[in-house]
Amino acid sequence: MKVLIVTAMYPTPENPAFGSFVRAQVECLRAAGVDVEVLVLGGRWRKLIYPKGVFQLWRRLLEGGVDVVHAHYSYVGFVGRAQFLKPLVITFHGSDLLGARDQSGALMPINKVTVPAGRLVARFADAVIVQSKQMAALVAKANAHIIPHEIDFETFQQTERNEARAILGLDLSKKYLLFAAKPENGVKNFALANAAFEALRSEDPDVELLVVHKETQPRLALYMSAADALVFPSFSEGSPNVVKQAMACNLPIVATDVGDIREVISGTQLCAIADFTVESVARELRSILATRGGRSDGRKRVARFSCDEVGQQLIDLYSDVLAGRCKQVSEANAPAKIEQPGRSNG
């Protein structure tokens, strides 16, 4: 089986975090024995990469050898469905179905176009992958499967806190909160994370906020081992990788109740759901900091997101899609039934 992964997000030397979750899935599938090729849509003008991508995809498919096309995000899904030579699987990651948000948490006007477009292209895919039950409900008329992204357990594992801090050049005596996202990304709600941090720092000057993005995955894992808590007050999510990665590093978490976060962290020690208020987020973080470096038991609770588990779900889905397509082709090419003399259909 050869799978062509088509994506507009993939890590680069300049931005090793850009689409790292796509590369992680590629490596996971390859480790499982799947022949995977990656087509990265790129170019100087972002808005032109999609029409250009249609020609790139057709050129690659005409060379032969591809069995399944797997597109990441709805825009790329339109590129993937610009052909019917091969079956198409589309993975939706969150905002492409749930909508993008500004710094205040309000849905952006562009969603009036992008969200219906995502739901539309889902109906023309052979199968759809979503991250949560909420997303699955939005594409109920499509062949939808809930398969959250896997965790690289080799990369995301706990390093002794002081060792991690020494590697990163951090103060061994500080209390560090980690915000692992781009602050300008409105949906991640940096304003609330920062306000909660400021409230805590007014009580304790040893509290610091680490804002980390554009880091390699190994470096991010070190920050998760060095920090005392992840603060993740997002407005909207599917199944956020950073929460699952923090769980794999046994990092305590304070997050809002979006996507599948409540389900993922439920019952995990030193992990809490907060309201969208400074008081609530600060209160939960204060409780964690009072443990003086306490760790969660998150790693054992996210075993179902291992590369082996998720990779096998993807392989099974590809196989089912291929079986369905092959059945359709065989039925279409079957010889017409010849009536025997003296018999009728009635």
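Here, every reference points to the structure presented above.
Residues numbered from 1 in each chain as written. Predicted model: local features only at pLDDT ≥ 70, side-chain atom pairs only at ≥ 80, totals over all residues. Heavy atoms only, no water.

For the rest of this paragraph, the subject is the side chain of Asp228. Looking at where Asp228 falls in the secondary structure, it is placed in the loop between α9 (217–226) and β9 (229–232). A polar side-chain atom of Asp228 sits 2.9 Å from a polar atom in the side chain of Arg165. Engagement of the side chain of Asp228 in a polar contact is seen with the backbone nitrogen of Tyr176, the distance being 2.7 Å. (Helix = DSSP H or I, 4+ residues; strand = E, 2+ residues; numbered from the N terminus. Polar contact = N/O pair within 3.5 Å; in protein donor to acceptor, adjacent residues only side chain to side chain.)

Moving on, we get to the sheet that holds strand β3 (residues 68–72). Pairing in this open sheet of 6 strands is parallel, and the strands run β2-β1-β3-β4-β5-β6 from one edge to the other. Among the strands making up the open sheet, the edge pair consists of β2 (35–40) and β6 (144–146). Direction aside, neighbouring strands of the sheet carry axes that sit 20° apart on average. The sheet contact formed by β3 and strand β4 (residues 88–91) spans 4 bridges and is parallel. Pairing of Ala71 across the sheet is with Ile90, part of β4. In the packing of helix α2 (residues 49–62) onto the sheet, the strands contacted are β1 (2–7), β2 and β3, and the crossing angle to β1 comes to about 170°. (Pairing = 2+ DSSP bridges. Axes fitted to C-alpha atoms, helices over the stretch in contact; angles between N-to-C directions. Contact = heavy atoms within 4.5 Å.)

Let's shift gears to the state of the cysteines. All chains considered together, the criterion is met by 1 disulfide. One disulfide bridge connects Cys28 with Cys307, the sulfur atoms lying 2.2 Å from each other. In this structure the cystine formed by Cys28 and Cys307 twists about its S-S bond by roughly 125°; its chirality is therefore right-handed. Linking Cys28 in helix α1 (residues 20–31) with Cys307 in helix α13 (residues 307–333), this pair joins segments that are 279 residues apart in sequence. On the basis of relative accessible area, Cys307 is assigned to the partly exposed category, the value being 23%. Of all cysteine sulfurs, the one in Cys271 lies closest to Cys249, which takes part in no disulfide; the gap is 12 Å. For Cys271, a relative accessible area of 14% translates into the label buried. (Disulfide = S-S within 2.5 Å. Buried < 20%, exposed > 50% of the residue type's maximum accessible area, 1.4 Å probe, protein only.)

So yeah, pure geometry; function would need other evidence.
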